[in-house]
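The chain contents come next:
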Amino acid sequence: MQLVVARIGRAHGIKGEVTVEVRTDEPELRLGPGAVLATEPSSVGPLTITAGRVHSGRLLLRFEGVRDRTAAEALRNTLLIAEVDPEEVPEDPEEFYDHQLIDLDVVTRDGTAVGRIAEVSHLPYQDLLIVRRPEGGEVLIPFVAEIVPEIDLDAQRAVIDPPPGLLDDSQAEIASGREDS
């Protein structure tokens with residue numbers, strides 16, 4: 001099974017390094033020197049990582065055959081894809097691969113059906129579960145322990161404890177510092 005582990009960003013410097021947006025909880029395993037990764041678009045790869053380092057909080061990678069800024073810039077927005085055994089699970093029991101979450105039923109703590117996870121969106125500060133509603137439309141659920149306290153892979157469900165307004169706009173709590181006149 002293939003797993004997107006990173007997206008290549010801008011070139012860094014003049015020697016062929018690129019910044020990467022990491023999309024895996026195990027970058028040291030998936031993005032280490034010697035790793036051979038498929039790419040999307042496939043015409044760019046496969047790419048072999050020759051070196052990696054962290055600079056100002058960003059991961060920088062260098063690939064075999066990419067020796068200058070021009071070649072590095074040509075890789076921008078390329079997705080890096082690792083081949084993963086479908087039976088493999090993350091070491092941390094609180095971590096999940098996207099493929100484990102997609103198609104899970106989503107219910108509230110009281111058992112009310114919310115929908116089904118259609119996608120996991122990886123944003124810079126947190127992940128979002130994109131849940132398709134049975135009546136149509138979708139809801140974005142922050143994938144944090146306070147809102148998603150339980151993932152039960154055996155039962156194929158995610159239990160959520162949504163704050164007011166997450167599922168129903170009419171229940172939203174309006175916070176305002178203004179005094180009514």
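Described in the following lines is the structure provided in the data block. (Residues numbered from 1 in each chain as written. Predicted model: local features only at pLDDT ≥ 70, side-chain atom pairs only at ≥ 80, totals over all residues. Heavy atoms only, no water.)

### Overview of the overall build of the protein
Counting its regular elements, the protein contains three helices and twelve strands. By residue count, 35% of the 181 residues in the protein fall in the buried class. Long-range pairs, those at least 24 residues apart, make up 47% of the contacts in the protein with a sequence separation of at least 6. Working note: accessible area of the protein is about 11100 Å², and carbon and sulfur atoms make up 47% of it. (Helix = DSSP H or I, 4+ residues; strand = E, 2+ residues; numbered from the N terminus. Buried < 20%, exposed > 50% of the residue type's maximum accessible area, 1.4 Å probe, protein only. Contact = heavy atoms within 4.5 Å. Areas by Shrake-Rupley, 256 points an atom, 1.4 Å probe, with all protein chains shown as cover.)

### Focus on the sheet that holds strand S11 (residues 150-152)
In spatial order, the strands read S10-S9-S8-S7-S12-S11; together these six strands make up an open sheet with mixed pairing. The open sheet has two free edges, formed respectively by strand S10 (138-142) and S11, since each of these has just one partner strand. Ignoring which end each strand starts from, the neighbouring axes of this sheet average 35° apart. With three bridges joining them, strand S7 (residues 105-108) and strand S8 (residues 113-122) adopt antiparallel strand pairing. Its bridge partner being in S8, Val 106 is matched across the sheet by Gly 115. (Pairing = 2+ DSSP bridges. Axes fitted to C-alpha atoms, helices over the stretch in contact; angles between N-to-C directions.)

### Some points on the environment of Ile 81
Among the secondary structure elements, Ile 81 is positioned in strand S6 (residues 79-83). A residue is classified by how much of its surface remains accessible, and Ile 81, at 11% relative accessible area, is buried. When neighbours within four sequence positions are excluded, Ile 81 is seen to be in contact with Gln 2, Leu 3, Val 4, Leu 37, Ala 38, Thr 39 and Glu 40.

### What about the nonpolar core?
Residues Ile 8, Val 20, Leu 31, Leu 61, Phe 63 and Leu 80 are the most contacted members of the largest nonpolar core, which totals 22 residues. At the level of elements, strand S1 (2-12), strand S2 (17-22), strand S4 (47-55), strand S5 (58-63) and S6 are the ones that each hand at least two residues to this core. The biggest single contributor to this core is S1, with five residues. Leu 61 has contacts with Gly 16, Glu 17, Val 18, Val 20, Leu 31, Ile 49, Ala 51, Gly 52 and Leu 80, leaving out every residue within four places of it along the chain. Formed by 16 residues, the second largest nonpolar core is a distinct cluster that contains Leu 101, Val 120, Leu 129 and Val 139. (Core = buried A, V, L, I, M, F, W, Y, C linked by side-chain atoms within 4.5 Å.)

### Quick notes on the pattern of salt bridges
Oppositely charged side chains can form a pair if their charged atoms are brought close together. Under the counting rule described, the total for this entry stands at eight salt bridges. Arg 53 serves as the salt-bridge partner of Glu 17, at 2.9 Å between the closest nitrogen and oxygen. Residue Glu 17 is found in strand S2, and its partner Arg 53 is found in strand S4; the two are separated by 36 residues along the sequence. Residue Glu 17 is classed as buried on the basis of its relative accessible area, which comes to 10%. Here Arg 76 and Glu 73 are joined by a salt bridge, their closest N and O atoms 3.2 Å apart. One connected set of salt bridges, linked through shared partners, spans Glu 17, Arg 53 and Arg 62. (Salt bridge = Lys/Arg side-chain N within 4 Å of Asp/Glu carboxyl O.)

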